[in-house]
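Spelled out, the chains give:
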Amino acid sequence: MQPLIDTELWLARKRRALVRPVEGADFLMRRAAEDLADRLDAVERRFGRAAALFCQTPTAAEALAGSGKVGEVVRVEMDEALLAGRPGLLARPEIVPFEEGSLDLVVSLLSLHAVNDIPGMLAQIRRALRPDGLFLGALAGAGTLAELRESLLAAETEIYGGASPRILPFTDVRDAGALLQRAGLALPVADVETVTVRYDTLFDLTADLRAMGETSPLIDRSRRPGSRRLFARAAEIYAERFSDPDRRIRASFPVVWMSGWAPDASQQKPLKPGSAKVSLKAILENPPKG
């Protein structure tokens, strides 16, 4: 598989964001952790051992610990700086460092979109889960930063006569469901929740992206530094096409949620074709009297 993402660059930008923290720039991670807590609350069971996999901050692990449904929580990060002196494991990018069948729950928040081999990661997660273990993941989905993508594309085409990729390709919710099935996870579910954030200008949005460590890590990104002229024109286009009546601009962050279970004999299974006791035709021709 041809890699799309420069993982070392992504990690370097995460380190830089840690050194220069901006208050409130972690709003997407905090929102994802709140959603994680809500989704766990709807699951009526306890989990002995859970892993927070490459979640970049302690927020996900704290949500697991505070749920009252998890015994042991293990954080896994790619760099010591992301653990910030707290307990956890270090692992190489795209490696799940657990023995087969050793976890009851795996959680991944807002990092899978920066993985070159999502199917491989999901297959490793499936292997690490015990039978009837649960995977819950959230990643930036298709349509993320669509307004910024369109504005930069239009500005670059207008000024240079062509454009290069500046924003990651993101996974569609339908593809996410297919990926879960491909990994061998049972009862797969994928859904999307869109967070819309408003800014004064494009420059305020890009400042937040830098503070998140989420500027483009594409291998095929343009090596030509963006000029002031380019970003000034992109900001004009953004304001023209995606502003509200108060002139503030909108930025879309669709978050795709994925869940699936390691197969187990106790799980509900779909009926085999032809096993129904009553045909649909008979129901339609003889509706119940009432």
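Rules and cut-offs
- Residues numbered from 1 in each chain as written.
- Predicted model: local features only at pLDDT ≥ 70, side-chain atom pairs only at ≥ 80, totals over all residues.
- Heavy atoms only, no water.
- Helix = DSSP H or I, 4+ residues; strand = E, 2+ residues; numbered from the N terminus.
- Buried < 20%, exposed > 50% of the residue type's maximum accessible area, 1.4 Å probe, protein only.
- Contact = heavy atoms within 4.5 Å.
- Areas by Shrake-Rupley, 256 points an atom, 1.4 Å probe, with all protein chains shown as cover.
- Polar contact = N/O pair within 3.5 Å; in protein donor to acceptor, adjacent residues only side chain to side chain.
- Pairing = 2+ DSSP bridges.
- Axes fitted to C-alpha atoms, helices over the stretch in contact; angles between N-to-C directions.
- 1 Å grid on protein atoms, 1.4 Å probe; cavity = no way out; pocket = protein on both sides within 12 Å on 5 of 7 lines; lining within 4 Å.
- Points joined across faces, edges and corners; volume = space filled by probe spheres on them.
- Nonpolar A, V, L, I, M, F, W, Y, C, P; charged D, E, K, R; others polar.
- Right-handed = clockwise from strand over helix to strand, strands pointing away.

**Student:** Provide a residue-level description of the overall build of the chain, including the pertinent values.
**Tutor:** Check the secondary structure of the chain and you find ten helices and seven strands. Structurally, the chain occupies a C-alpha span of about 70 × 55 × 40 Å along its principal axes. Among the 290 residues that make up the chain, the fraction classed as buried is 46%. Sequence separation of at least 24 residues holds for 79% of the intrachain contacts in the chain that already meet a minimum separation of 6. Entry remark: accessible area of the chain is about 15,300 Å², with carbon and sulfur atoms responsible for 53%.

**Student:** Go over the side chain of Thr7, please, and point to the residues and values.
**Tutor:** Note that Thr7 resides in helix α1 (residues 7–19). Ignoring any residue separated from it by four or fewer positions in sequence, one finds Thr7 in contact with Met78, Pro93, Glu94 and Asn116.

**Student:** Can you break down the side chain of Gln267 residue by residue, with the values?
**Tutor:** Relative to the elements of secondary structure, Gln267 occurs in the loop between β7 (249–261) and α10 (280–285). Here Ala262 takes part through its backbone oxygen, which lies 2.8 Å from a polar atom of the side chain of Gln267.

**Student:** Lay out the sheet that holds strand β1 (residues 47–53) in plain terms, naming residues and giving numbers.
**Tutor:** Reading across the sheet, the seven strands line up as β3-β2-β1-β4-β5-β7-β6 and stay open at both edges, with mixed pairing between neighbours. The sheet is open, and its two borders are formed by β3 (89–90) and β6 (186–199), each paired with just one other strand. Of the strands in this sheet, β1, β2 (70–77) and β4 (103–109) are in contact with helix α3 (residues 59–66), which crosses β2 at around 175°. Its contacts with the sheet place helix α7 (residues 173–182) against β5 (129–140), β6 and β7, and it is angled at close to 150° to β6.

**Student:** An account of empty space enclosed by the protein is needed here, citing residue identities and associated values.
**Tutor:** The full count for this structure, using the stated rule, is two cavities of 30 Å³ or more. Here the largest cavity is characterised by a volume of approximately 80 Å³. Looking at the lining of the largest cavity, its residues break down into seven nonpolar, two polar and one charged. Taken together, Arg31, Ala32, Asp35, Glu193, Val195, Val255 and Trp257 form the lining of the second largest cavity. Elements with a minimum of two residues in the lining of the second largest cavity: α2 (27–41), β6 and β7. The greatest single-element share of the lining of the second largest cavity, amounting to three residues, is contributed by α2. Across the lining of the second largest cavity, the residue classes tally to four nonpolar, no polar and three charged.

**Student:** Quick one: what's the story with the pairing of β5, residue by residue and with numbers?
**Tutor:** Taken residue by residue, a regular strand's side chains alternate between the two faces of the sheet. For β5, a buried count of nine out of twelve residues is recorded, marking the element as mostly surrounded by other parts of the structure. By the bridge criterion, six bridges tie β4 to β5 in an arrangement that is parallel. For Ser108, the partnering residue across the bridge sits in β5 and is Gly137. The β-α-β motif built from β4, the intervening helix α5 (residues 118–128) and the parallel element β5 has right-handed crossover chirality. Here seven bridges tie β5 to β7, and the two strands are oriented antiparallel to one another. Following the sheet pairing, Phe135 is matched in β7 by Gly260.

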